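Descriptive analysis of the structure
Residues per chain, in single letters:
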Amino acid sequence: QANQIDLLVYHIGQLVTMQGKKGPRKGHEMSEISMVENGAVAIANGRIIAAGEEKDVRRKISGLSVREELNAQGRLVTPGLIDPHTHLVHAGSREHELELKLKGVSYLEILAMGGGILSTVRATRNATEDELYEKARKSLDLMLLFGATTVEAKSGYGLNLENELKQLRVAKRLNEHHPVEIVSTFMGAHAVPPEYKGRSSEYVDLIVEEMLPEVKRQGLAEFCDVFCEQGEFTVQEARKILSAAKEMGFGIKIHADEIEPLGGAQLAGELGCISAEHLLAATDEGLDAMKRAGVIAVCLPATSFNLRANNHARARKMIEMGLPVALSTDYNPGSSPTESLQFVMTLGCLNLGMTPEEVITAMTINAAYAIGRGDVVGSLETGKQADLVIYNASNLAYLPYHFGINHVDTVIKKGKVVVSEGKLVG
Ligand SMILES: O=C(O)CC1=NCN=C1
Ligand SMILES: [Zn+2]
């Protein structure tokens with residue numbers, strides 16, 4: 001309970017509260033965004049005291065002093081956006097792959113030639129912790145400027161204990177010093193490193209017997225993820241790694257059926273992963289297996305856009321069959337070099353066929369549940385963390401409709417203004 005209001009955001013034209021049931025939203029629930037006209041949000045000690053119609057909020061806080069008021073000038077407000085799938089910490093960039101792609105060389109061919117992920121691995125192994133920190137901080141600043149207030153960050157460009165720990169330490173330091181909160185995922189099983197080429201089962205053993213225990217001991221990751229894809233890790237290898245990780249207390253995620261339908265979606269259902277990612281090639285039985293186990297489907301439309309895939313994740317089918325869907329940038333230097341969740345909003349609508357309401361659900365409350373934060377962020381309701389965004393727009397549909405620009409005006413993180421007039425403050 002509060003004895004004063006630290007900040008009252010008022011005169012909100014459209015307030016998307018995402019208030020509703022506990023748990024990820026599925027089916028028609030993804031369209032129910034609990035939007036309020038003429039809204040307000042009252043904040044104290046970084047938490048939400050009240051969010052809803054301004055007259056109700058003002059009545060609820062009457063008698064309390066209000067330290068600061070912020071006029072939203074009749075504009076749109078949503079919960080802080082959540083990016084549940086990024087490869088944030090890395091060195092180098094892969095713009096040279098654009099030319100190869102235009103010549104028709106595929107993502108997996110580039111990887112098989114020792115490029116792709118492995119070229120980022122070489123750059124990341126050679127980078128110092130400070131260099132990785134500086135580069136990731138700049139990207140995290142951009143994510144914040146585009147409206148993200150909580151971001152998941154995977155390792156997976158070290159591919160040996162020393163460098164995987166280096167990446168995870170950078171993410172931990174960012175979480176401690178940057179306004180955006182980071183949720184860390186260990187992804188030593190992102191690719192088979194050159195020194196284990198042709199000996200992937202030995203690398204899998206190194207992950208299970210050495211890396212996972214050490215990451216756990218140092219408390220450097222909450223989740224473990226595996227790139228289950230042709231030429232990388234088989235379903236059997238992914239099962240071995242994720243079962244061991246689950247046993248040790250990690251939450252488990254899987255890059256599943258991105259390019260080839262190996263059956264990663266089925267495995268996600270079998271193991272009870274919190275989420276499965278990509279899913280462009282997931283079969284109906286794979287999606288059914290996920291649904292039975294309550295796995296969240298994380299769709300990455302910027303990746304399928306960038307890979308010039310002639311298909312995209314079947315988000316409409318997933319929503320209609322009752323699978324909870326989340327969206328993410330998949331920010332990484334190869335398959336999705338973008339920090340903009342707003343660009344993902346547009347692709348969610350135009351390439352995945354999702355409505356603006358389904359898209360905002362997918363990058364707030366559902367994305368929060370995909371990284372185990374559904375009880376803290378992802379909606380604007382009493383008791384939850386005061387993470388919210390004010391846009392230079394009067395309604396939700398305008399965000400995906402008008403693409404290629406940044407609509408964010410103000411971002412509030414834990415009750416503090418951290419972006420104002422589209423610029424970082426504080
Ligand atoms: O290409 C990369 O660096 C990231 C990626 N991992 C699996 N798909 C894309
Ligand atoms: Zn990824």
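Residues numbered from 1 in each chain as written. Chains lettered and ligands numbered in written order. Predicted model: local features only at pLDDT ≥ 70, side-chain atom pairs only at ≥ 80, totals over all residues. Heavy atoms only, no water.

**A closer look at the overall build of the chain**
For clarity, the threshold we go by: Under the DSSP-based scheme used, a helix requires at least four consecutive residues in state H or I and a strand at least two consecutive residues in state E, with every element numbered from the N terminus. Atoms counted for the radius of gyration: C-alpha only. Globule rule: 2.2 Å times the number of residues to the power 0.38. The Shrake-Rupley method, run with a 1.4 Å probe, gives the accessible areas here. Residue values count only the displayed protein chains as cover. In this tally, Asp and Glu contribute negative charge and Lys and Arg positive charge; neither His nor the terminal groups of the chain are included. By convention, the point assigned to a charge is CZ for Arg, NZ for Lys, CD for Glu and CG for Asp.
Of regular secondary structure, the chain possesses 16 helices and 19 strands. Expected size for 426 residues packed as a compact globule is a radius of gyration near 22 Å; at 21 Å, the chain falls within 12% of this value. C-alpha atoms of the chain, sized along the principal axes, occupy 70 × 45 × 45 Å. In the form shown here, the chain has an accessible surface area of approximately 15,900 Å², with 51% of it arising from carbon and sulfur atoms. The positive charge centre, built from 44 side chains, and the negative charge centre, built from 54, are 3 Å apart in the chain.

**Concerning the coordination of the zinc ion (ligand 2)**
Convention followed: Donor atoms: N, O and S within 2.8 Å of the metal, or within 3.2 Å for Na, K and Ca. Because water is excluded, sites can look incomplete. Under this scheme a four-donor centre is tetrahedral when all angles range from 85 to 135 degrees, a four-donor centre is square planar and a six-donor centre octahedral when opposite donors are above 155 degrees with the rest from 65 to 115, and any other centre is irregular. Buried residues are those whose accessible area, probed at 1.4 Å on protein chains only, stays under 20% of the maximum for their type, while exposed residues exceed 50% and partly exposed ones sit between those limits.
Protein coordination of the zinc ion (ligand 2) is provided by His85 (NE2), His87 (NE2), His255 (NE2) and Asp330 (OD), with donor distances spanning 2.1 to 2.4 Å. Here the zinc ion (ligand 2) binds four donor atoms, and the angle range of 79 to 166 degrees at the metal identifies the geometry as irregular. Taken in sequence order, the residues that donate to the zinc ion (ligand 2) follow the motif H-x1-H-x167-H-x74-D. Note on accessibility: His85 and His87 belong to one class, buried.

**Quick look at the layout of surface pockets**
Our working definition: Grid points spaced at 1 Å over the protein atoms alone were grouped into cavities, where a 1.4 Å probe fits but cannot get out, and pockets, open sets with protein on both sides within 12 Å along at least five of seven lines, with lining residues defined by an atom within 4 Å of a point. Grid points are joined across faces, edges and corners, and a volume is the space filled by probe spheres set on the points. Under the convention adopted here, Pro, Cys and the residues Ala, Val, Leu, Ile, Met, Phe, Trp and Tyr are nonpolar, Asp, Glu, Lys and Arg are charged, and Gly plus all remaining residues are polar.
In this model, the largest pocket occupies a volume close to 350 Å³. Ser106, Tyr107, Ile259, Leu307 and Arg308 are, among the 19 residues lining the largest pocket, the residues nearest its centre. Contributions of two or more residues to the lining of the largest pocket are made by α2 (96-102) and α3 (107-112). If one sorts the elements of the lining of the largest pocket by residue count, α3 sits on top with three residues. Classifying every residue of the lining of the largest pocket by side-chain character gives nine nonpolar, six polar and four charged.

**Remarks on the site of ligand 1**
To keep things clear, this is the line we draw: The criterion for a residue being near a molecule or strand is simple. One of its heavy atoms has to lie within 4 Å of it. Any N or O atom pair separated by 3.5 Å or less is treated as a polar contact, with the protein-specific requirement of one donor-capable and one acceptor-capable atom, and with residues adjacent in sequence counted only for side-chain atom pairs. For this analysis, a molecule is said to be in a pocket or cavity if more than half of its atoms are within 2 Å of the grid points defining it.
Around ligand 1 sit Arg94, Tyr107, Ile117, Tyr157, His190, Phe227, His255, Glu258, Asn332 and Ser335, and that is every residue in its neighbourhood. Between ligand 1 and Arg94, the relevant distance is 2.8 Å, taken from an oxygen atom to a side-chain nitrogen or oxygen of the residue. For ligand 1, an oxygen atom lies 2.6 Å from a polar atom in the side chain of Tyr157. If ligand 1 stood free it would expose 260 Å²; the protein chains cover 100% of that surface. With respect to the pocket detection grid, ligand 1 is positioned in the largest cavity. Class assignment of the residues belonging to the shell around ligand 1 gives a composition of four nonpolar, four polar and two charged.

**Things to note about empty space enclosed by the protein**
For the structure shown, the criterion picks out two cavities of 30 Å³ or more. Space inside the largest cavity adds up to approximately 100 Å³. Among the residues forming the lining of the largest cavity, the class breakdown is four nonpolar, six polar and three charged. The volume enclosed by the second largest cavity comes to roughly 40 Å³. Lining the second largest cavity, in full, are Pro79, Gly80, Ile82, Thr149, Val377, Gly378, Ser379, Leu380, Gln385 and Asp387. When its residues are assigned to classes, the lining of the second largest cavity shows four nonpolar, five polar and one charged.

**What about helix α13 (residues 341-350)?**
In terms of burial, α13 is largely enclosed, as eight of its 10 residues are buried. Taken together, the buried positions of α13 are Leu341, Gln342, Val344, Met345, Thr346, Leu347, Gly348 and Cys349. With a side-chain oxygen lying 3.2 Å from the backbone nitrogen of Gln342, the N-terminal cap of α13 falls on Ser340.

**What about the packing of aromatic side chains?**
Heads up, the rule is: Only the six-membered ring of Trp is used, alongside the rings of Phe and Tyr, when aromatic pairs are assigned; centres must lie within 6.5 Å, and planes under 30 degrees apart are stacked while those over 60 apart are edge-to-face, with the rest tilted. Look at NZ for Lys and CZ for Arg. If either is within 6 Å of the ring centre and within 35 degrees of the ring normal, a charge sits over the ring.
Evaluation of the coordinates by the stated rule reveals four aromatic pairs. Ring centres of Tyr196 and Tyr203 lie 5.4 Å apart, and the angle between their planes is 50 degrees; on these two criteria the pair is classed as tilted. Look at Phe305 and Phe343: their rings are 5.3 Å apart centre to centre, the planes differ by 80 degrees, and that puts the pair in the edge-to-face class. Of this pair, Phe305 sits in helix α11 (residues 301-306) while Phe343 is found in helix α13, placing the two residues 38 residues apart along the sequence. Phe343 gets classed as partly exposed once you look at its relative accessible area, which sits at 25%. One aromatic cluster is present, built from ring pairs that chain together Tyr196, Tyr203 and Phe233. Over the ring of Tyr133 we find Arg173; its NZ or CZ atom is 4.1 Å from the centre of that ring. The side chain of Lys216 reaches across the aromatic face of Phe250, ending 4.8 Å from its centre.

**Remarks on the environment of Gly39**
Inclusion rule: Between two residues, a contact is recorded if the distance between any of their heavy atoms is within 4.5 Å.
Tracing the chain through its elements places Gly39 in strand β3 (residues 35-44). Overall, Gly39 belongs to the buried group, its relative accessible area being 0%. For Gly39 and Lys172, which are 133 residues apart along the polypeptide, the C-alpha to C-alpha distance reads 36 Å. If we skip the residues at most four places from it in the chain, Gly39 touches Val9, Tyr10, His11, Ile12, Leu15, Gly52, Glu53 and Glu54.

Honestly, it's all geometry; don't read function into it.
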